[in-house]
Each structure stands twice: as structure tokens, then as C-alpha cells.
Amino acid sequence: PVSGIHGAGLAELLEALMPHLEMEEEELVRVHARVAIIGRPNVGKSSLLNRLCGQERAIVSDVAGTTRDSIDSTVEWEGKRYALVDTAGVRRKSRVAQNEEKLMVNRAIKAIRRAQVVLLLVDALEGVTDQDMQLGELVRDAGAACVVVVNKWDLVDDERSDKLYRQSREYLAANLPTVAWASTLFISAKTGFNANRVYGAIDGVLQEHERRVPTALLNEVLQEAVQWQKPPSDRTGKQGKIFYCTQVGRRPPAIAIFVNDPTLFAQAYKRYLEGRFRDALGFKGTPLRLIFRGKAVRTKGSGVPWAD
């Protein structure tokens, strides 16, 4: 017996729970990837979860908002274990009025932040909406790898056309700019079309997410980029200078670029450098962080022997 108000019996309850919590933590360590399935209501998240699990783990209904909480499932595929989380559909803030719905949305957002890989589902018939763009921003800010999964592809005419695939990828990149780097996959959770390729897509972006590139190779790419387009200068004529770069992090990859003055480098030039790194090295499906750091300049009389 316990009392939540007075705290009676809580210590005994925690002692009883601890063995199960420790076992759950051990299970988490063995998981190959933590994957969050996100999207607007009724886009097919639960159907995809059931398809990936090979059984009914979530309720599927045409009524939007059927999934009221995040549903965790552990699935083994080709010797690897995946933790799949079917999140509740995230609506526009103006439509999130009830306390229960707010809690549902917050849990979905927490699942995104905990995930290594996010499957962002888009309705093939409705296309990209403002809410999809907002979800893309959440994925980018969380630093997770991402696969944009266009669901209900079975309802599209001429769904196997190469031209349609190419045009659809261009459409997604243009209308989901915050995750334009994401991998894309066209599926039907209902019929199973291309569903067997989801795990491969997860592994592909996860590999890029955890990738480390040698410093020498990074600087070769950087040097070539600077040769093609010199760093900008300010109104006084002060020219931006880039000295070198090195990778300082993974999950997502982060590259520190040492310069004379970080304030000289506008977003346009940062996007240019990111594009050059991606063109040369890939990083498909993962965010890429560029960190501009000022390099200390040694001057005479500073007390440093090699500066005098």
C-alpha cells in the first residue's frame, strides 16, 4: 500500500521497480537505433509502425488523433534491434486547446529529441504543409538524422515513374528546406510498397550521422571551396580569412572552422560551405553543424617567445 499525498510506501515501491528499470536500461544499450515516427494526424504513422513490426502494435483508424501517446516497440531486423516510437500526430498550435492534447504533443516532441533517426511522414496526396515544415525545424534543431517518408504512394498515378520520383524529390527539397539534406523514400504502409526499404534507409542515415572524416580530407574540400568563392568582407574592406578546419563532434557531425573573425561570415557563405562539404563528402540524411571560431592572433610584446 502507498500514499501519493503523504509519501507512505514510496521507498518500498521504488525498490521493487529498480530491478526492472535496470533491466530496461540494459535493453536500451543493445538497441542499434532509436527511431521516432512523426507526422501530422492521420498520415499513416501507426500503419507504418505495424508494417515494420509485422503485427498490430498500434490502433489504425481514419479518425485523426487516434494515437494519444507515444508507443514504443522493439523490433529485430537482420540481426539488428530497433526501438521504434510511434508518436501522436502533431497539430498546429492554434488547434491544440485541450490539456490532454498539449501533453500528447509534448511527448511527441520529447521522442524526437531522444531519437537518433526520425522518420518524417508526409501525405503523398496532400503534399507538404506548414505543419510539416515546423516538424522539419524540430528535427533539425534536435540534431537527429532524418528520412522523409512519403506515405500513401499507392494512391498516386504512375507511382513507379522515374520522372515522377525525380520531380517529387525536387519538390520535397524546395518545400522542406530545413531538412533538404534528408534522405527520401516513397512507400505505402497500407500495401507494403517499399516498406522493406525503411530499415535500410535508417541504417544509411545513421551511418552518416555517426561518421568521422579525416582532418586532411576536410581541409582539401575547404581549400577548394575557398578557391572557388573567397570569404566575404565587411564595409570597411576587412577580408574574412579561413585558416583550417577539423571535425569536433558526431551525432550529428560538427566541423569547427577557424577564421580571423567569425562575424565576417554571413549565413549565405556558411550555407555555401555546407553545400560544398555535402557535395564532396555526402552526409546525406544528417544535419551538419559548422562552428566558426576566431583564431587568436599573437602580437609582439605579448610575452610569448615565438610571437616576438
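Look a little higher up for the structure.
Asks: Got a sec to walk through the overall build of the chain? Specific residues and values, please.
Replies: From N to C terminus, the chain includes 8 helices and 9 strands. The 308 residues of the chain split such that 44% are buried. Excluding contacts between residues fewer than 6 apart, the proportion of contacts in the chain whose partners are at least 24 apart in sequence is 67%.

Asks: Before we move on, can you summarise the pairing of strand β4 (residues 117–123) with the specific residues and values?
Replies: The element β4 is extensively covered by neighbouring structure, given that 7 of its 7 residues are classed as buried. In β4, alternate side chains face the same way, and those of V117, L119, L121 and D123 on one face and V118, L120 and V122 on the other are all buried. Bridge count for strand β1 (residues 33–38) against β4 is 4 bridges, and the pairing is parallel. When the bridges of β4 are listed, V35 appears paired with V117. In this fold, β4 hands off to helix α4 (residues 130–142), which returns the chain to strand β5 (residues 145–151); that crossover is right-handed.

Asks: Outline empty space enclosed by the protein, listing residues and values.
Replies: On inspection of all chains with the given rule, the structure shows 1 cavity of 30 Å³ or more. R34, V35, V85, A111, R114 and A115 are the residues that line the largest cavity. Among the elements of the structure, β1 and α3 (99–114) are those that each provide at least two residues to the lining of the largest cavity. Here the residues of the lining of the largest cavity are counted per class, giving 4 nonpolar, no polar and 2 charged.

Asks: I'd like a description of helix α2 (residues 45–53), backed by residues and values.
Replies: Summarising burial for α2: 7 of the 9 residues are buried, a large majority. Buried within α2 we find K45, S46, L48, L49, N50, L52 and C53. Once α2 ends, the next one or two residues include G54, with phi positive near 80°.

Asks: Outline the packing of aromatic side chains, supporting the account with residue identities and numerical values.
Replies: By the definition in use, this model includes 9 aromatic pairs. Aromatic side chains W77 and Y199 sit 4.8 Å apart centroid to centroid with 20° between the ring planes, which places their arrangement in the stacked category. Highlighted residues: W77 in strand β2 (residues 71–77) and Y199 in helix α6 (residues 198–209), separated in sequence by 122 residues. Overall, the relative accessible area of 31% leaves W77 in the partly exposed class. A centroid spacing of 4.8 Å and a plane angle of 50° characterise the contact between Y82 and Y199, whose relative ring orientation is tilted.

The rules we used
- Residues numbered from 1 in each chain as written.
- Predicted model: local features only at pLDDT ≥ 70, side-chain atom pairs only at ≥ 80, totals over all residues.
- Heavy atoms only, no water.
- Helix = DSSP H or I, 4+ residues; strand = E, 2+ residues; numbered from the N terminus.
- Buried < 20%, exposed > 50% of the residue type's maximum accessible area, 1.4 Å probe, protein only.
- Contact = heavy atoms within 4.5 Å.
- Pairing = 2+ DSSP bridges.
- Right-handed = clockwise from strand over helix to strand, strands pointing away.
- 1 Å grid on protein atoms, 1.4 Å probe; cavity = no way out; pocket = protein on both sides within 12 Å on 5 of 7 lines; lining within 4 Å.
- Points joined across faces, edges and corners; volume = space filled by probe spheres on them.
- Nonpolar A, V, L, I, M, F, W, Y, C, P; charged D, E, K, R; others polar.
- Phe/Tyr/Trp six-rings, centres within 6.5 Å; stacked < 30°, edge-to-face > 60°.

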